[in-house]
Amino acid sequence: MICILLAPLVLAAQYNRLLIVHQLLSKGEQIEKPHADNCSCAACIEISASDSLRKAQIRLSAYKGLASEVYIALAYPDPILQAFELSRELQTLAKVEHYFGEEYRKLVKQLSRFVARLLDNVRGHEELEILLNKTGLPHEEKFENLARFNLAIQYSEKGFVSHPNCQQKLINSRF
């Protein structure tokens, strides 16, 4: 667990180094999600017993890599869904994390901005329809009217919901 702080993929993701992250992902590397704070595996017990601050730093470092725009865009088939889910997890961590709650809140805001910037890149009505109506698992091709928009509301993604493209779609769907 200690080596996760120095893992090349984590560092490359934290600095949004597209080519390095792409190269490491193509070789099968992944950023492992940190264990739960109350994990009782041998590695977690060992590091908690010696230095709980160090354990918190390692967790934060891993989550910074996982929340990287480049990492999410390259590692997941549905980056918007991944950003929503990770944001929810980070919100929970921000409430319970003793040392780095503010850092987790910054990552939540970063993910919100990322999702809004993805909407900025939508190039037409058809793309927006597909994006807002996507439902189901990332690999499934299921669509339901405004499913992704409703999911954004459930996840309290204000930047996504208030984005001009979403608002335009809402106005057009009423008439």
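Residues numbered from 1 in each chain as written. Predicted model: local features only at pLDDT ≥ 70, side-chain atom pairs only at ≥ 80, totals over all residues. Heavy atoms only, no water.

Attention shifts here to the packing of aromatic side chains. Following the criterion strictly, the structure yields 5 aromatic pairs and no others. Taking the centre distance of 5.4 Å and the plane angle of 85 degrees together, the rings of Phe 84 and Phe 160 count as edge-to-face. Placement of Phe 84 in helix α6 (residues 79–96) and of Phe 160 in helix α10 (residues 158–161) is noted, with a sequence separation of 76 residues between them. Assessed through its relative accessible area of 0%, Phe 84 is described here as buried. Since its relative accessible area comes to 1%, Phe 160 is described here as buried. Among the aromatic side chains, those forming a connected cluster through ring pairs are Phe 84, Tyr 155 and Phe 160. (Phe/Tyr/Trp six-rings, centres within 6.5 Å; stacked < 30°, edge-to-face > 60°. Helix = DSSP H or I, 4+ residues; strand = E, 2+ residues; numbered from the N terminus. Buried < 20%, exposed > 50% of the residue type's maximum accessible area, 1.4 Å probe, protein only.)

Moving on, we come to the packing of helix α8 (residues 125–133) against helix α9 (residues 147–154). Contact geometry of α8 with α9 gives a least axis separation of 5 Å together with a crossing angle of 50 degrees. It follows from the interaxial angle that α8 and α9 lie oblique. Within the contact between the two elements, α8 uses Leu 131, Leu 132 and Asn 133 and α9 uses Ala 147, Arg 148 and Phe 149. Its residues assigned to classes, the contact of α8 with α9 comprises 4 nonpolar, 1 polar and 1 charged. (Axes fitted to C-alpha atoms, helices over the stretch in contact; angles between N-to-C directions. Parallel < 35°, antiparallel > 145°, perpendicular 65-115°, else oblique. Contact = heavy atoms within 4.5 Å. Nonpolar A, V, L, I, M, F, W, Y, C, P; charged D, E, K, R; others polar.)

Turning next to the layout of surface pockets. Volume-wise, the second largest pocket comes out at about 220 Å³. Around the second largest pocket, the lining is made up of 15 residues, and of these Asp 37, Lys 55, Arg 59, Glu 97 and His 98 lie nearest the centre. When residues of the lining of the second largest pocket are traced back to their parent elements, those giving at least two are α4 (52–66) and α6. Residue contributions to the lining of the second largest pocket peak at 5 residues, all from α4. Residue classes in the lining of the second largest pocket are distributed as 7 nonpolar, 4 polar and 4 charged. (1 Å grid on protein atoms, 1.4 Å probe; cavity = no way out; pocket = protein on both sides within 12 Å on 5 of 7 lines; lining within 4 Å. Points joined across faces, edges and corners; volume = space filled by probe spheres on them.)

Overall, the predicted model of the protein chain reaches an average pLDDT of 87, with 93% of residues at or above 70. Taken as a whole, residues 1–5 scores under 50 in pLDDT and shows 15 contacts with residues more than four places along the chain or in a different chain. (pLDDT = per-residue confidence, 0-100.)

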